[in-house]
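# A closer look at the structure
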Amino acid sequence: MSHAKKSAKERRVGHKQLGMPSIHKQHSIQRNKRTLFAPVIGLTMAIVLVIGLALLVIIGHAGNSASASGGNPGGNVPVGYGSLNHAKGSCGNPGQAACPAIDAGWFPVTSESPQTVATAIAHSSQFVTMQGRYSYVTSDTPALVHAFAAHTGNDYYDDDHWVVSVRDAMGMRCGIFDFVYDRVHQRMRFSSYGVLTSLDANSRQAFPYISSSTAVARLQGKLKLQPKAGTQPELIFFPIDPNFPVLTSPAHKWSGGGNSPMEPIWHIAASNGQDYFVGSDLGVYTQTNLPVAKGQP
Amino acid sequence: MTLVQRRLFTILLSITLALALVQLLDLHGGLQVQATTNLSSDSQVQTSSPNCSPCYSFYGSNHSWMYTATNDWYQHHGNWCGIANIRAIQVYDWLYYNGKSPQWDNSQEAIYSRLNATYSPWGSGGGYVRENISRDFGTDPHAIAYGAWYDTPPSTSSQPYWFHNWIYRTSSTTATYDFATDFGKNTVSHNDPISVTIDGAYHSFVVDGVWATSDPSLGSTTVSSIDTWDPWLNHANNSVDGTHPYNQTQNQVWSLTDWTTNRVMWGQGYNSFNGSDPEPDTPNHYYVPPFNSYGVKYHWNSYFVTIEQDRINDATTSRDYAIDQNGHLAPHN
C-alpha cells in the first residue's frame, strides 16, 4: 500500500533501496518452502496431499487450512487484540469499563530498624512474586535513602526509600530492590527492581556501593572537614533537572549521581556548619552544585 | 498379486506420510498456545509463589533471548535509542524464527544505513534519518516501525512479523493495559518485545513483558509492574558517558505506579515541543497535523506511543500507517 502511493519520481530515486525489504523477506520464504517440500515430490506428493487434506477434514482442522489460502501470508491470524478495528485492550477504551485502579501495594512496616524493614520486604508480595524469576535467595541489610528537598507531589520523589541488594545461591548480588517508604503512615511500596548481571561490578558488593566512611574520608581529604558532632552522614537522592537526559544540556554533564535512590549520594553536615555532598563519582559538592529540578520533577 | 501388493504399499506409505504432514501442520498452527502454556523457550509465563497476596506472574519475552538480543547495547550514539531497539527486536525475532541471525549485517550501524535508504510514501520529514516523517533528532516512531518490519523475518501463515506505530490517545494506565495484551498465550506476537517511547519522546525503552494477576492477552487482568530494557545501558549497566538518566540497570522492573507517574517514563505523553521530537512534516501532509475532520490537533503530541508487532497485515496496511487505541488508522489528512 505504501509502495503504491509513491510517486514516479520517488520510485526512481529510491529504486534499489525500496526493493531491498521484499528481497530479504521473499528470499527467506522461498528457502523455507524448499526445505519443507523438497522431500515430497511427484505423484507420491499428490497422493499424500489428497489423503492429508482428507484427514485434516476428518479431524477438524479444515478451518485453519481454508483461511490460510488465497495468497494472504497471514490470513489465518485470528482476530484479537492488535487487529484492525479492534480495541487494543480490554479496559479504558471507548465502550469499555475503566481499567483497574492502580494498586500501589502498600504494606506495613512497624519500625525503621533495618532488620524489621528487611523482614517486611521479604514478606512483601513483589519480593515473593519475583523470587522465582530472578533467583535471589537472601538479601543484604536495607539502607535508608532520604528524599532531599523535594516537594513535587509525587511520593517517589517526596518520600524516603529503602534500597536493598539481593544475593543468589552463589552469594553474588543479582539484583537491587527499591521501595518507597511512607514514614507518616508506616508503610512501604515496591518501586522498582534492577537486574545485576555478573558483568556489573556491583554484583560483588552490597548496597550502598560507597560507604559512609569513604564519604567522610573524601570530605576530610578534600576540605579538611569532619562531620558535625552528633550527626551521621545520610544517603540522599533528589529530583534531577529534567534536562539531565538531554545530551546538549549542561545538566547532562552531571556525573555525581543522586538522581535515583539506587544511585544515592552522601549528605554530610560538616564541622564548619555547611552541608556537603559526596557523589557517586566521589566528588565533593555543595548544595548549589546539585542539579535539582525546579518545580515538578 | 504383485500389483496389489505394490499399491497397498504405496497407500500405506502415503497414509504414513500424510499423518506426518498433519503433525507438521498441527505443530505450526498451535505454536503460540503451546509455547506459552508449556513454558517453552519462546516465552515465559512464570507461576508465582503461593505465599503472595495478591499474586502476580510474569507474562512476556524469553529472558535468555532478550539478553542475547541486547548484547550490542548500549546504543552506539546518543540519539540511537530507536536504532538499538530495532536491533534488539530484530535479534529476538530471528532467534524465535530460526535460532539464528539475519543473513545480512545486523549491526546498529547497518540499521542506521537502512533507515536512510528509503522513505515514507509521503516523503521524508527531514529528520536524522530519511525514514523519519518528522524532523526528529533521532528516529521517530515511523522510522522505528519501518526498521522493525524490515529487519525481522518474513511472515508465515501462522507467524507474521508485522509492525505498526500505535498511538494511544488515552491515559497512561489505559495505554499500558493496551500494550500489555501483547504478552501472554493469546498474543500474535509470540511475546515479542516492543519499543515504547518515554520521557516525552526523548528516549525509548524496550518493554518485554508485564507482571499481572492473569494472562494480559486474554484481558481482564490487573497489571502490577512493567519489565523494561534501557538501551542507554549495556549488560554491565554502564553507559557510554557514565550517566544513568533513566534506568539504573539495563533490565529494570518498574511498578505501574511509577511507570505511569514518573515523567521520565509515562508520567507524560509524547512532547512534540521539546525541541527534539516534533510532529510530522512531510511534503505530502497525510500525517501533518492538525486533523480537523477528526477534531484531533496532533499526530503524536501528548499521546502514548509505541511500536508493536500486531495482527495488521502489512500487505494491506503497511508499517507506514499508525494505529490508534481502537485499532483504527490514526487521524490523517
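Residues numbered from 1 in each chain as written. Chains lettered and ligands numbered in written order. Predicted model: local features only at pLDDT ≥ 70, side-chain atom pairs only at ≥ 80, totals over all residues. Heavy atoms only, no water.

## As for the overall build of chain A
For chain A, the count of helices and strands is 9 helices and 10 strands. Out of the 297 residues in chain A, the part that is buried amounts to 43%. Long-range pairs, those at least 24 residues apart, make up 53% of the contacts in chain A with a sequence separation of at least 6. For chain A, the accessible surface area stands at approximately 14700 Å², while carbon and sulfur atoms represent 57% of it. (Helix = DSSP H or I, 4+ residues; strand = E, 2+ residues; numbered from the N terminus. Buried < 20%, exposed > 50% of the residue type's maximum accessible area, 1.4 Å probe, protein only. Contact = heavy atoms within 4.5 Å. Areas by Shrake-Rupley, 256 points an atom, 1.4 Å probe, with all protein chains shown as cover.)

## Section: helix 9 (residues 212-223) of chain A
All names here are of chain A. The end-to-end C-alpha separation of helix 9 is 16 Å, in line with the 16 Å expected for 12 residues at 1.5 Å each. Taken as a whole, helix 9 has its buried residues at A215, V216 and L219. For helix 9, the buried positions fall inside an angular range of 100° around the axis, keeping them on one side. The inward-facing, buried residues of helix 9 contact strand 8 (265-269), strand 9 (275-278) and strand 10 (284-285). Just downstream of helix 9 lies K224, where phi reads positive at about 55°. (Expected span 1.5 Å × (residues − 1). Arc of directions from axis to C-beta.)

## Some details on the pattern of salt bridges
By the definition in use, this model includes 14 salt bridges over all chains. Where D314 of chain B meets R319 of chain B, a salt bridge forms, and the shortest distance between an N and an O atom there is 2.7 Å. For the residue pair D314 of chain B and R319 of chain B, the accessibility class agrees, reading buried in each case. Within this structure, K88 of chain A together with D182 and E308 of chain B form a network of salt bridges that share partners. (Salt bridge = Lys/Arg side-chain N within 4 Å of Asp/Glu carboxyl O.)

## Focus on the nonpolar core
Grouped together as the largest cluster of nonpolar side chains are 56 residues, with contacts concentrated most on F179, V207, V210, V223, I226, W259 and W266 of chain B. Setting aside chain neighbours within four positions, we find F179 of chain B in contact with K88 of chain A together with Y168, I194, V207, V210, I226, W259, W266, T306 and E308 of chain B. With 32 residues, the next largest nonpolar core counts M66, Y146, Y150 and F163 of chain B among its residues. (Core = buried A, V, L, I, M, F, W, Y, C linked by side-chain atoms within 4.5 Å.)

## Things to note about helix 7 (residues 125-134) of chain A
All names here are of chain A. Within helix 7, 8 of the 10 residues are buried, which leaves the element mostly enclosed by the surrounding structure. Those residues of helix 7 that fall on the buried side of the exposure criterion are S125, Q126, F127, V128, T129, M130, R133 and Y134. At the C-terminal side of helix 7, S135 shows a positive phi close to 60°.

## Some points on the confidence of the model for chain B
All names here are of chain B. Confidence in the prediction for chain B averages 88 pLDDT; 85% of positions are at 70 or higher. Segment residues 16-41 is flagged for pLDDT under 50; beyond a separation of four residues in sequence, or across chains, it makes 39 contacts in the model. Across the interfaces of the predicted complex, the ipTM metric reaches 0.86, alongside a pTM of 0.83. (pLDDT = per-residue confidence, 0-100.)

## Quick look at the state of the cysteines
Residue and element names in this part refer to chain A. Considering all chains together, one arrives at 1 disulfide over all chains under this definition. Between the sulfur of C91 and that of C99 lies a disulfide, 2.1 Å long from S to S. Because the torsion about its S-S bond is 85°, the bridge between C91 and C99 counts as right-handed. Given a relative accessible area of 5%, C91 falls into the buried group. (Disulfide = S-S within 2.5 Å.)

## Quick word on the packing of aromatic side chains
Residue and element names in this part refer to chain B. Counted according to the given criterion, the structure contains 44 aromatic pairs over all chains. Measuring from centroid to centroid gives 6.4 Å for W65 and Y96, while their planes differ by 80°, and the two rings are edge-to-face. Note that W65 is positioned in helix 3 (residues 63-69) and Y96 in helix 4 (residues 81-98), a separation of 31 residues in sequence. Accessibility classification places W65 together with Y96 in one group, the buried group. With 5.4 Å between their ring centres and 40° between their planes, Y112 and Y128 make a pair best called tilted. With Y112 in helix 5 (residues 108-115) and Y128 in the loop between helix 5 and helix 6 (141-151), this residue pair connects regions lying 16 residues apart in the sequence. Looking at Y128, the relative accessible area reads 28%, which means it is partly exposed. (Phe/Tyr/Trp six-rings, centres within 6.5 Å; stacked < 30°, edge-to-face > 60°.)

## Considerations on the pairing of strand 9 of chain A
Residue and element names in this part refer to chain A. Where strand 8 and strand 9 come together, 4 bridges link them in antiparallel fashion. For W266, the partnering residue across the bridge sits in strand 9 and is V278. As defined by bridge partners, strand 9 adjoins strand 10 across 2 bridges and the pair is classed as antiparallel. Bridging from a neighbouring strand, F277 pairs with Y285 of strand 10. Hairpin connection between strand 9 and strand 10: a loop of 5 residues separates the two successive antiparallel strands, and L282 in this loop has a positive phi of roughly 70°. (Pairing = 2+ DSSP bridges.)

## Some thoughts on empty space enclosed by the protein
Summed over the entire model, instances satisfying the criterion amount to 8 cavities of 30 Å³ or more. Considering only enclosed or pocket space, the largest cavity measures out at about 210 Å³ in volume. Together, 20 residues line the largest cavity, and Y157, I240 and N259 of chain A together with P245 and V264 of chain B are the ones closest to its centre. Along the lines of polarity and charge, the residues of the lining of the largest cavity split into 12 nonpolar, 5 polar and 3 charged. Here the second largest cavity defines a volume of roughly 110 Å³. In this structure, the second largest cavity is lined by 17 residues; those nearest its centre are C81, D136, T139, A201 and D277 of chain B. Every element with two or more residues in the lining of the second largest cavity is listed here: helix 4, helix 6 and strand 5 (203-212) of chain B. Counted by class, the lining of the second largest cavity contains 7 nonpolar, 7 polar and 3 charged residues. (1 Å grid on protein atoms, 1.4 Å probe; cavity = no way out; pocket = protein on both sides within 12 Å on 5 of 7 lines; lining within 4 Å. Points joined across faces, edges and corners; volume = space filled by probe spheres on them. Nonpolar A, V, L, I, M, F, W, Y, C, P; charged D, E, K, R; others polar.)

## Considering the environment of V292 of chain A
All names here are of chain A. Relative to the assigned elements, V292 resides in the segment after strand 10. On the basis of relative accessibility, which here comes to 21%, the residue V292 falls in the partly exposed class. V292 sits 83 residues away from Y209 along the chain, and the two C-alpha atoms are 22 Å apart.

## Thoughts on the layout of surface pockets
Approximately 480 Å³ is the volume found for the second largest pocket. Considering only residue class, the lining of the second largest pocket consists of 12 nonpolar, 10 polar and 2 charged.

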